[in-house]
Amino acid sequence: MKKIKVLVSGCNGTMGKLLCNYISKSDDMEVVCGYDTSLCEVFDFPIFNNIDDLGKSDLICNVNVWIDFSRPECTMNLLSLAKYYCIPSVIATTGFTEEQQSIIEKYSHHFPIFKAPNMSEGSFVQEQLAIELAHRFPNYSIEIVERHHSNKLDAPSGTALALANTINNALDNSMEVICGRSGKCKRKGNQIGISSVRGGNIVGEHTLYFTGKFDEFEITHRVYHKEVFVEGAI
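Rules of the game
- Residues numbered from 1 in each chain as written.
- Predicted model: local features only at pLDDT ≥ 70, side-chain atom pairs only at ≥ 80, totals over all residues.
- Heavy atoms only, no water.
- Pairing = 2+ DSSP bridges.
- Helix = DSSP H or I, 4+ residues; strand = E, 2+ residues; numbered from the N terminus.
- Contact = heavy atoms within 4.5 Å.
- Axes fitted to C-alpha atoms, helices over the stretch in contact; angles between N-to-C directions.
- Disulfide = S-S within 2.5 Å.
- Buried < 20%, exposed > 50% of the residue type's maximum accessible area, 1.4 Å probe, protein only.
- Patch = residues over 30% accessible without salt bridge, like charges linked within 9 Å, V, L, I, M, F, W, Y side chains within 5 Å.
- Areas by Shrake-Rupley, 256 points an atom, 1.4 Å probe, with all protein chains shown as cover.
- Salt bridge = Lys/Arg side-chain N within 4 Å of Asp/Glu carboxyl O.
- Parallel < 35°, antiparallel > 145°, perpendicular 65-115°, else oblique.
- Left-handed = near helix turned anticlockwise from the far one by under 90°.
- Nonpolar A, V, L, I, M, F, W, Y, C, P; charged D, E, K, R; others polar.

(A) Looking closely at the sheet that holds strand 5 (residues 89-91). Pairing is parallel across the open sheet formed by six strands, whose spatial order is 3-2-1-4-5-6. Of all the strands in the sheet, just strand 3 (47-48) and strand 6 (113-115) have a single pairing partner and so form its edges. Direction of pairing for strand 2 (residues 29-35) relative to strand 3: parallel, over a ladder of two bridges. By the bridge assignment, Y35 is partnered in strand 3 with F48. Contacting strand 1 (4-9), strand 2 and strand 4 (65-68), helix 1 (residues 14-24) crosses the sheet at an angle of about 165° to strand 1. Together, strand 1, strand 2, strand 4, strand 5 and strand 6 form the strand contacts of helix 3 (residues 72-85), whose direction differs from that of strand 4 by roughly 170°.

(B) Representation of the state of the cysteines within the structure. Within the structure shown, the criterion is met by zero disulfides. Here C74 is not disulfide-linked; the sulfur of C11 is the nearest cysteine sulfur, at 9.8 Å. Overall, C74 belongs to the buried group, its relative accessible area being 7%.

(C) Fine view of a nonpolar patch on the surface. A contiguous nonpolar patch, built from F124, V125 and L129 and spanning about 270 Å² of accessible area, is present on the exposed surface. Tracing the sequence through the fold places V125 in helix 5 (residues 121-136).

(D) Examining the pattern of salt bridges more closely. In the structure shown here, the tally under the stated rule is eight salt bridges. The partner of E132 in a salt bridge is R136, with the nearest N and O atoms 2.4 Å apart. Of this pair, E132 and R136 both sit in helix 5, four residues apart, roughly one helical turn. For E132, a relative accessible area of 37% translates into the label partly exposed. Relative accessible area serves as the criterion here: at 57%, R136 is assigned to the exposed category. Of the charged contacts in the structure, one is a salt bridge between K152 and D154, with a shortest N-O distance of 3.1 Å. In this structure D154 comes out as buried when scored by relative accessible area, which is 17%. Each of E143, R181 and R187 takes part in salt bridges that share partners, so that together they form one network.

(E) Up close: the packing of helix 3 against helix 4 (residues 98-107). One way to put it is that helix 3 packs onto helix 4 with a least axis distance of 11 Å and a crossing angle of 20°. If you check the angle between helix 3 and helix 4, you find them roughly parallel. The handedness of the crossing between helix 3 and helix 4 is left-handed. For the pair helix 3 and helix 4, the contacting residues are P72, M76, L79, S80 and K83 in the first and Q100, I103, I104 and Y107 in the second. Counted by class, the contact of helix 3 with helix 4 contains six nonpolar, two polar and one charged residues.

(F) Examining the environment of K83 more closely. With respect to the helices, strands and loops of the structure, K83 is situated in helix 3. According to the relative accessible area criterion, K83 is partly exposed, its value standing at 38%. With 29 residues separating them along the chain, K83 and P112 place their C-alpha atoms 9.2 Å apart. Residues within four places of K83 in sequence aside, it is in contact with Y107, H110 and F111.

Now the structure itself:
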């Protein structure tokens, strides 16, 4: 069987290591090279920390797909290379600016890009339930609380923002997304509130509240192990 050859971006990070380990046990995939700003880990495949060196390597010509669990700056560095070699890309990195998001969208017109802030199937199901609730109960108050570990770099999480945007789209973009509240801030009816909690080793949790006058819906997606994101990306 011919194996799918993978380039892993962020291979020295927590998610990158999990991904490489997962692929190493696969019968139909293999990592041919990695890209990371750090070279602290030793794998049985070459790792590049310089985008120019990666671009000059013969290995890049054999890559069938690029899977990205890195940081926004690393992702942006690799995009032009992926475009040049027309490498289909799976982007699981979060924390992009609006400008970076726009650039990624433009690149997607030239080669295939699958991008999601949360690669787990459960997160997708939560979004579908949110759309159903938004259609059925458009006048309910909508709040999202996300909880993650202390070392997470961005807040609110990309998943929370994506969930809020999905709901907003379902309501014809009539809502205002509010991230955190302080001071005198009486809640308006056309708001989607997002609150962030950071602490300990919380892998990831997103709770969606639809609160009406007499009842409330609460939908929580809780992740216990990061491998669920790897499995989703694969």
